[in-house]
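# Fold and geometry: a report
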Amino acid sequence: MKKAQELLKRMMVVMAATVSMLLASSSFASADLGRVDATHSSAILHSEYAVAEAGETVWLGLELAPREGWHSYWKNYGDSGAAPLLYWTLPEGVTAGEPLYPTPHRMPIGPLMNYGYEEPSILLIPLSISDDFTGRSIPIGLEAEWLVCEIECVPQDGSWNAELPVGQMQVDDAARHVFRAARVALPEMAIWSSELTVYSAQSRLKLHVSEAEVEGVSDAYFFPAGEGVAEYAAEQQWSITSEGLFVDMQRLEGGVDATSGDGVLVLTFEDKSQRAIEVEAVVNQDTVVPAKAGSSPSVQALLPLWQALVFALLGGMVLNLMPCVFPVLSLKAFSFIAANSKTETGRKQEGWAYTAGIWVSFMIIVGVLLMIKSGGAAIGWGFQLQEPAFVGSLVLLMVLVALSLSGMFNITVGVEGAGQGLASQDGNKGAFFQGVLAALVATPCTAPLMAPAIGYALTQPAPVVFLIFSLLAFGLALPFLALSYSPALAKLMPSPGPWMEKLKEALAFPMYLTAAWLLYVFNLQAGATATLALLVALIVAIFGVWLWQSFSGRISRSIAVLFMVGAIAGIIYQPFSAPPGSASQESSEIQPYSEENLSKLLGDGETVFAYFTAEWCITCKVNEQVALFTDDTQALMAEKGIKLLKGDWTNRNDEIANLLADYGRAGVPLYLLFPKGQSEAIILPEILTPGIIADAINDIE
Amino acid sequence: MRNSTFSLNQFATLFLVGVLAVVAVPANADNKRAPDFVGVTMTGDHIRLSDFRGKAVVLEWTNHQCPYVRKHYSSGNMQKTQRALTEDGAVWISIISSAPGKQGYVAAEEAQKLTAARGSYAGYVILDSDGSIGRQYGAKTTPHMFVIDENGHLIYQGAIDDIPSASRRTLKDATNLVLAAWTDFQAGEPIARPITKPYGCTVKYSDTID
């Protein structure tokens with residue numbers, strides 16, 4: 001019995017000891033690893049496990065609680081601030097990983113933007129314990145520095161020295177709710193693949209999701225973890241298409257190179273609920289500025305390549321009907337009339353030479369365009385006409401061609417010698433040159449279908465750009481190329497005679513008119529003094545040609561060449577070019593386009609009609625004359641109280657180039673109708689009629 | 001007559017080449033040019049950045065009440081950097097963009113006292129209380145450093161060093177990024193890290209843009 005009693009006693013003692021030990025350990029475990037009260041915040045180091053185990057990873061949580069009205073920072077603090085710094089002192093075999101941060105908030109401060117937390121936040125830190133760790137506990141040493149700011153900033157610091165027992169892994173019940181809350185505040189794991197494309201002055205995040213998965217999203221914002229992805233204070237644009245979800249961000253041109261595509265995407269839904277998703281995007285660098293996703297779905301990446309190609313081909317064909325190509329086409333038509341006198345092979349060869357002329361010119365222009373774009377300049381189609389040197393040279397070219405048609409000199413433009421059975425080789429050269437001329441004068445014109453194709457092209461890699469422009473060139477050449485294959489048509493042409501000489505002379509006049517119009521554009525771009533200089537250069541050049549043709553001596557020819565080169569150099573280097581003044585003579589009711597003016601009018605709830613034009617854009621001028629500035633249209637706009645904004649792209653203008661790019665365009669014209677204060681515009685076609693404008697205006701009522 | 005024919009084909013070729021030459025020029029345009037500005041110094045002088053063309057210029061955004069600025073001044077780190085660069089011939093300009101009533105704002109007299117008290121080697125201290133120069137440069141934090149070469153090109157912009165801490169203890173392990181950029185520049189080598197992310201207090205700009 002005694003033995004039994006003793007045994008019982010012993011058991012009781014052991015049990016009591018065990019219970020007290022358990023109590024002791026649990027009371028130890030329920031306490032966190034220590035709390036620091038700093039001047040403007042407090043910090044608590046939590047452990048999820050009361051007992052850790054060798055070979056396992058346990059989680060620590062650092063809870064930072066700034067004082068009311070103050071905030072702490074995310075790992076990327078945005079424009080200013082500092083991320084928490086943690087310095088661990090741990091025994092061998094134990095390592096602390098990178099902290100996981102809760103989803104941050106945006107905190108705008110004046111012109112800057114910070115990312116962080118206005119409420120207590122918990123950073124989760126994994127502590128990995130190696131298999132061969134033999135200690136009975138882990139001494140954890142932490143020196144932390146974290147910044148809190150209200151408007152002023154006060155760095156906080158704290159240090160911890162704690163022991164975490166090691167044995168059989170055991171969760172700390174008291175810490176459960178802390179870690180549950182901490183995990184809820186984390187962004188969801190990356191579940192969708194994504195890519196981040198970085199351009200010179202913007203970047204675009206593309207998340208591969210289906211439209212159904214992100215249904216009801218009313219806002220999207222990307223917090224980049226890495227530097228160089230976004231200007232933090234700038235607004236982000238987002239859109240959802242069948243390709244996925246896009247977020248467009250502005251970035252500082254020439255800033256830090258973006259190397260990381262990591263971050264957090266926060267989606268806000270119509271019911272105000274939010275979803276934060278971890279993003280680990282693959283980073284691509286690109287130099288070509290993209291069109292804005294979603295703003296005009298017809299020209300997005302959505303536009304399949306084949307469709308862009310078809311548009312380009314048709315657009316090129318329609319371009320033949322546009323006013324700017326007309327003078328050159330009349331030349332071409334003339335040489336065609338002479339078809340009767342040529343062999344079938346000769347005709348076909350000329351057709352192809354003409355096509356080649358157009359194609360080569362287009363490729364050169366596009367090549368230069370891409371080169372400039374890769375330099376970061378915001379330019380688009382028709383850019384060469386924003387360069388007074390180009391316009392000046394074009395004036396010279398037109399005048400020389402016109403003078404030659406008038407019979408002042410005898411230069412080969414493919415129409416002289418008509419009726420004389422000219423050798424086919426000369427005819428080919430002439431046809432090639434006509435192609436070059438057609439391409440040069442065609443660029444200020446935009447035909448229907450062409451604008452979306454070009455807008456699409458300029459967002460694509462170079463080979464696709466060249467492909468699309470090749471089709472555009474082919475489209476422009478196609479009608480004459482096709483005609484050159486038709487023997488029936490050639491037979492229809494009247495037989496050559498002296499009347500052809502007269503017709504040729506008559507054709508000079510449309511050319512002179514083209515020159516006059518180009519001179520007007522040049523005057524607006526470069527000013528009156530430069531225009532005088534251009535006229536002098538023109539006369540010097542003509543004198544040079546005359547000299548060349550009148551005297552065949554070596555010296556006089558050298559002088560002639562000198563005159564020509566001097567004149568061309570004068571035109572290209574523009575010594576008298578003045579900065580463009582305000583050339584607007586339109587009524588004061590039309591305000592110039594700027595983002596600021598537009599947002600102000602929209603902010604006032606106005607309906608706005610914004611038109612983008614250039615003096616060299618004939619399509620634009622025609623639209624303005626026949627549709628926009630007719631009495632009826634103006635009366636309708638006045639009646640509806642529609643405000644007009646004019647974006648003049650005669651000279652280079654980044655703001656307008658950016659807006660055009662936003663709408664997937666690379667050139668003018670562009671007509672936008674913003675219904676009452678809405679920032680989503682209705683895009684009107686490139687060719688306007690009063691009816692189209694009236695319908696659009698009535699539709700938004 | 002035929003043999004004196006002036007061929008426009010050649011002219012067209014020449015013409016396209018010419019166009020290429022003309023329009024390709026802007027492609028090389030340098031977007032790293034430091035914007036010019038005029039500022040009023042604490043001694044009432046008007047100085048213009050372009051006045052210093054021919055010399056390297058350092059711009060330092062500062063706010064004497066910011067703990068991050070205090071770290072670099074109380075440890076002597078900023079003065080050491082100022083001394084090294086000014087002795088090499090650079091012009092050091094400290095800029096205070098704090099608006100009146102906000103942290104770090106100082107009137108001319110106080111700025112002079114302060115500059116003397118902290119032993120600054122800055123050649124000029126500009127009082128940019130309307131924040132116009134700060135906004136022009138996109139200065140975000142104090143400190144935020146900009147180094148401009150003799151020709152007015154930005155060669156460095158960003159943080160003073162690579163440990164974003166307010167603690168002086170971190171200085172011994174930190175790399176001074178301004179000195180590093182300067183060393184590369186003096187050696188005629190490309191700057192290894194020409195742009196870094198600045199850290200520190202927000203520049204205390206005025207809320208309204210005048």
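Nothing here was measured: the structure is a model prediction, and the numbers come from that model.

Rules and cut-offs
- Residues numbered from 1 in each chain as written.
- Chains lettered and ligands numbered in written order.
- Predicted model: local features only at pLDDT ≥ 70, side-chain atom pairs only at ≥ 80, totals over all residues.
- Helix = DSSP H or I, 4+ residues; strand = E, 2+ residues; numbered from the N terminus.
- Buried ≥ 20, exposed ≤ 12 C-beta atoms within 10 Å, placed from the backbone.
- Contact = placed C-beta atoms within 7 Å.
- Pairing = 2+ DSSP bridges.
- Axes fitted to C-alpha atoms, helices over the stretch in contact; angles between N-to-C directions.
- Core = buried A, V, L, I, M, F, W, Y, C linked by C-beta atoms within 7 Å.
- Domains from an automatic or database assignment.
- Expected span 1.5 Å × (residues − 1).
- Parallel < 35°, antiparallel > 145°, perpendicular 65-115°, else oblique.
- Left-handed = near helix turned anticlockwise from the far one by under 90°.
- Nonpolar A, V, L, I, M, F, W, Y, C, P; charged D, E, K, R; others polar.
- pLDDT = per-residue confidence, 0-100.

What follows is about the overall build of chain B. Regarding its fold elements, chain B presents six helices and nine strands. Within chain B, the proportion of its 210 residues that are buried is 41%. In chain B, once contacts between residues fewer than 6 apart in sequence are set aside, the share between residues at least 24 apart is 74%.

Another point: the overall build of chain A. If you tally the helices and strands in chain A, you get 18 helices and 25 strands. Taken across its 701 residues, chain A has 45% of its residues classed as buried. At a minimum sequence separation of 6, the contacts of chain A that also span at least 24 residues come to 77%.

Attention now goes to the sheet that holds strand S1 (residues 35–37) of chain A. By definition, the strands of a sheet pair up through backbone hydrogen bonds, in either a parallel or an antiparallel sense. Residues and elements named next belong to chain A. Strands sit in the order S1-S2-S4-S10-S7 across an open sheet of five strands; the sheet is antiparallel. Of all strands in the sheet, those with a lone pairing partner are S1 and strand S7 (94–96), marking the two edges. Averaged over all adjacent pairs, the angle separating strand axes in this sheet is 20 degrees, with direction ignored. Note that strand S2 (residues 41–47) and strand S4 (residues 57–66) share seven bridges and pair antiparallel. Counterpart to Leu45 in the pairing with S4 is Leu62.

Residues and elements named next belong to chain A. Here we have five strands laid out as an open sheet, ordered S21-S23-S22-S24-S25, and mixed in their pairing. For this open sheet the edge positions go to strand S21 (591–592) and strand S25 (682–684), each flanked by a neighbour on one side alone. Of the pairings in the sheet, the one linking strand S22 (residues 608–613) to strand S23 (residues 643–648) comprises six bridges and is parallel in character. Paired with Phe612 across the strands is Gly647, a residue of S23.

The next subject is the pairing of S4(A). All names here are of chain A. For S4, the buried fraction is high: seven of the 10 residues fall into the buried class. Pairing of S4 with strand S10 (residues 121–129), which is carried by eight bridges, proceeds in the antiparallel orientation. In the strand pairing of S10, Gly61 is matched with Leu124.

What follows is about unusual backbone geometry. Pro143(B) follows Thr142(B) through a cis peptide bond whose omega is -5 degrees. Counting through the fold element by element, Pro143(B) comes out in the loop between strand S6 (141–142) and strand S7 (144–148). Its identity is not glycine, yet Lys272(A) carries a phi of approximately 75 degrees, on the positive side. Mapped onto the elements of the fold, Lys272(A) is located in the loop between strand S19 (261–269) and strand S20 (274–285). Since 8 C-beta atoms lie within 10 Å of it, Lys272(A) is described here as exposed.

The subject of this paragraph is the nonpolar core. All names here are of chain A. In this structure, Val395, Met398, Ala438, Ala453, Leu472 and Leu518 are the most contacted members of the largest nonpolar core, which totals 122 residues. Lining this core are residues from two domains, each supplying at least three of them: domain 4 (305–387 + 410–507) and domain 5 (591–699). Excluding residues that lie within four positions of it along the chain, Ala453 makes contacts with Ala308, Phe311, Ala312, Gly315, Ile468 and Leu472.

Residues and elements named next belong to chain B. The buried fraction of S7 amounts to five of the five residues, a majority that puts the element mostly inside the structure. Covered by surrounding structure in S7 are His144, Phe146 and Ile148 together with Met145 and Val147, the residues of both alternating faces. Alignment of strand S3 (residues 57–61) against S7, held across five bridges, turns out to be antiparallel. Bridge pairing in S7 links Trp61 to His144. In this sheet, strand S8 (residues 154–158) lies alongside S7 in antiparallel orientation, the contact comprising four bridges. Looking at S8, one finds that Val147 is bridged to Tyr156. Hairpin connection of S7 to S8: five residues between the antiparallel strands, including Gly152 at a positive phi of 80 degrees.

Residue and element names in this part refer to chain A. In this structure, Glu195 sits in strand S14 (residues 194–198). Linking Glu195 and His208, residues 13 residues apart in sequence, is a C-alpha distance of 8.4 Å. Ignoring anything within four residues of it in the chain, the contact list for Glu195 reads Lys206, Ala281, Val282 and Asn284.

Between its first and last C-alpha, helix H11 (residues 499–526) of chain A extends 41 Å over 28 residues, near the 40 Å set by a 1.5 Å rise per residue. The positive-phi residue at the C-terminal boundary of H11(A) is Gly527(A), with phi of around 95 degrees.

Residues and elements named next belong to chain A. As a packed pair, helix H8 (residues 450–457) and helix H9 (residues 462–483) sit with axes 9 Å apart at the nearest point and diverge in direction by 160 degrees. Classified by the angle their axes make, H8 and H9 are roughly antiparallel. Pair H8 / H9 crosses with left-handed handedness. Along its contact with H8, which presents Met450, Ala453 and Ala457, the element H9 presents Val464, Val465, Ile468, Phe469 and Leu472. Residue composition of the contact of H8 with H9, by class: eight nonpolar, no polar and no charged.

When two helices pack together, their arrangement is given by the angle between the helix axes and by the axis-to-axis distance. All names here are of chain A. Packing of helix H12 (residues 528–550) against helix H13 (residues 554–573) leaves a shortest axis separation of 8 Å and a crossing angle of 160 degrees. With respect to H13, the axis of H12 lies roughly antiparallel. At the point where H12 passes H13, the crossing takes the left-handed sense. Residue-level inspection shows Ala533, Leu534, Ala537, Val540, Ala541, Phe543, Gly544, Leu547 and Trp548 of H12 in contact with H13, the latter providing Ser556, Arg557, Ile559, Ala560, Phe563, Met564, Gly566, Ala567, Ile568, Gly570 and Ile571. Considering only residue class, the contact of H12 with H13 consists of 15 nonpolar, four polar and one charged.

Now for the confidence of the model for chain A. All names here are of chain A. Across chain A, the average pLDDT comes to 80, with 84% of residues at or above 70. Of the regions scoring below 50 in pLDDT, residues 416–424 engages in 14 contacts with residues more than four places distant in sequence or in other chains. Here residues 580–587 is modelled with pLDDT under 50, and outside its nearest four sequence neighbours on either side it reaches four contacts, counting other chains as well.

The next subject is the environment of Leu483(A). All names here are of chain A. Along the chain, Leu483 turns up in helix H9. The exposure class of Leu483 is partly exposed, given the 16 C-beta atoms found within 10 Å. The spacing of Leu483 and Arg347 is 136 residues in sequence and 9.1 Å in space, taken between C-alpha atoms.

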